[in-house]
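Coordinate analysis (summary)
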Amino acid sequence: MEQQRTPSRFPTVGDGSGFADTDRVFREELQLALRNRGMPLEGLRYPITPTGMHYLLVHYDIPEVNVEEWRLKVGGLVSRPMSLSLEEFRKRPARTIAVTMECAGNGRALFTPRRISQPWLFEAIGTAEWTGTPLKGILEEAGVRPDAADIVFTGLDRGVEGGEVQHYQRSLTVSEAVREEVLLAYEMNGEPLQPQHGYPLRLLVPGWYGMTSVKWLQGIEALAEPFQGYQMARVYRYSRTQDEPGEAVTLIRVRALMIPPGIPDFLTRTRLVQAGALILTGKAWAGRLSVSRVEVSVDGGSTWSDARLDEPVSPHAWRTWTFRWNARRGAHTLCVRATDSGGNVQPPEQEWNFGGYGNNSVQRVTVVVE
Ligand SMILES: Nc1nc2c(c(=O)[nH]1)N[C@H]1C(S)=C(S)[C@@H](COP(=O)(O)O)O[C@H]1N2
Ligand SMILES: [Mo]
C-alpha cells in the first residue's frame, strides 16, 4: 500500500509534546479507553477468558466486511499467488490453541511521564482458544521463494497515525512466520471471530505482543527486504526518543497479575478485606518462555514468599498461581512478581521508553483489612 502524508495537520493534545506528567487524563485518552476495553482483573479467574471480557485494541475503525466478496491475497515473492475465500480457509487443516495475548502498551499509563495514547494500566490481557489453519501451510502452498526475507500482513482497516495515512500493517521474518503455532484464525472460543476481533480472518502469533496479530487480513506479501512500514519502523520500538530506532518490541515479557481480593470501593477500587485466612490468586505468563516462579509480597515488596503454580492452560497460555494469606487488621500493599525460564524477574519499576511499551513492573494492590 502506498503511504501518503496527510493534507492538513490535526489538532494536538495537551502541550503538544505527546506526553502528560499529571494523573489527569485527557478527553482523547478517555475516548480511546472507551473504544478499547480491558479485561476486568476478576476475569483472571477464568482459564479461557469469555470473549466479551477479552481485551480489545483497535487503532482505527472496525472495518465493514462482506464475507461473500472478501478474499485474502497471498503474493509478492511466491511461486503461486493465491486469492482465498473464508470457506477455502475453513477447508484447510485446522488447529485450536489457547493463547494468552497482551497488548505491548499494557502498563503504559503507569510510566511517568505518560505517553498520551491508549492509557492501559494492567488490563490489556486475555486468553482465548483460537482456531485456524497454520500460516506455514498457506505459505508452502503459495511457494514462498528462497530470496524472501519478510512476510507482510495487511489489515483492511485504514487510518492516520504519526501524520501518515496507512493500512494497519506488520511483518514477521520468514523463520518466525513458519513456526508451527502461528495461525490464520477464523474462530475465537469456538465462534466465528466477532467484528472487533478481526472478522473474518486474523493472524495469531502466540508469544508476541498483540500488535503482531494483524486483524481483518486482506493481504499477505513476501518481500526480499525487512518491511519498514510505520508500525514496524516508527512505533513498537524500545527507544528513548521519537527518532532513535531503539530495539523492536517483540515477545511478551514475564508478568503475573492478581485478582484484587475482597470487595472494591466503587470509586477508588481500594479493597476491603475481612481479617483471617484467604487465598490470593491470579495468572502468570511469559511470552515464548515459561513461568518458573511466582512470589507474593504482603508488605509492599519488602519480603517475598513463593506462590503455588498450577499447570499452564496450554504451552502458549498463562498458568494459575495461588497464595495463602493470613490477613491482619490494617492497610496493606499486596504485590506479585513472576520469573521466567530465562531468569528474567519482573522489576519494581520498568525502564521508561517513548512509546510506553512492555511495562511489566510489579502490580501493587492496596487493601484495607477489617
Ligand atoms: N488490522 C489491525 N490489526 C490489529 C490491530 C489494529 O488496530 N488493526 N491492533 C493490534 C493490537 S495493538 C493488538 S494489542 C491486538 C489486539 O487484539 P484483540 O483486539 O483481538 O484483543 O490486535 C492487533 N491487530
Ligand atoms: Mo496493542
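Attention now moves to the site of ligand 1. Neighbouring ligand 1 are 19 residues; His59, Asp157, His197, Arg202 and Lys215 lie closest to it. The separation between an oxygen atom of ligand 1 and a polar side-chain atom of Arg202 is 2.7 Å. Isolated, ligand 1 exposes 530 Å² of accessible area, and the fraction of that covered by the protein chains is 100%. If you map ligand 1 onto the pockets, it falls in the largest cavity.

Taken domain by domain, the protein chain holds domain 1 (4–248) and domain 2 (255–369). Averaged C-alpha coordinates put domain 1 and domain 2 at centres separated by 27 Å. Facing 45 residues of domain 1, the contacting portion of domain 2 comprises 26 residues. For the pair domain 1 and domain 2, the summed buried surface comes to about 3200 Å²; carbon and sulfur atoms form 60% of the total. Area buried by domain 1 at its contact with domain 2 is led by Leu44, Phe111 and Arg240, which between them contribute 22% of it. Linking domain 1 with domain 2 are 2 salt bridges. Arg288 serves as the salt-bridge partner of Glu176, at 2.7 Å between the closest nitrogen and oxygen.

The next thing to look at is helix H3 (residues 135–142). Along H3, the residues that are buried comprise Leu135, Ile138, Leu139 and Ala142. Considered in projection along H3, the buried side chains sweep an arc of 100 degrees and stay on one side of the axis. In the segment just after H3, Gly143 is the residue with positive phi, at about 75 degrees.

Taken as a whole and judged by the stated rule, the model has 2 cavities of 30 Å³ or more. Space inside the largest cavity adds up to approximately 230 Å³. Lining the largest cavity are 20 residues; nearest its centre among them are Leu57, Arg202, Gly210, Ser213 and Lys215. Per-class residue counts for the lining of the largest cavity are 12 nonpolar, 5 polar and 3 charged.

On inspection of all chains with the given rule, the structure shows 14 salt bridges. Ionic pairing is found between Arg234 and Asp243, a salt bridge with its closest N-O pair at 3.7 Å. A cluster of three or more residues bridged by salt bridges with shared partners is formed by Arg293, Glu295, Asp306 and Arg337.

The rules we used
Residues numbered from 1 in each chain as written. Chains lettered and ligands numbered in written order. Predicted model: local features only at pLDDT ≥ 70, side-chain atom pairs only at ≥ 80, totals over all residues. Heavy atoms only, no water. Near = heavy atom within 4 Å. Polar contact = N/O pair within 3.5 Å; in protein donor to acceptor, adjacent residues only side chain to side chain. Areas by Shrake-Rupley, 256 points an atom, 1.4 Å probe, with all protein chains shown as cover. 1 Å grid on protein atoms, 1.4 Å probe; cavity = no way out; pocket = protein on both sides within 12 Å on 5 of 7 lines; lining within 4 Å. Sits in = over half its atoms within 2 Å of the grid points. Domains from an automatic or database assignment. Contact = heavy atoms within 4.5 Å. Buried area = accessible area lost by both parts, 1.4 Å probe. Salt bridge = Lys/Arg side-chain N within 4 Å of Asp/Glu carboxyl O. Buried < 20%, exposed > 50% of the residue type's maximum accessible area, 1.4 Å probe, protein only. Helix = DSSP H or I, 4+ residues; strand = E, 2+ residues; numbered from the N terminus. Arc of directions from axis to C-beta. Points joined across faces, edges and corners; volume = space filled by probe spheres on them. Nonpolar A, V, L, I, M, F, W, Y, C, P; charged D, E, K, R; others polar.

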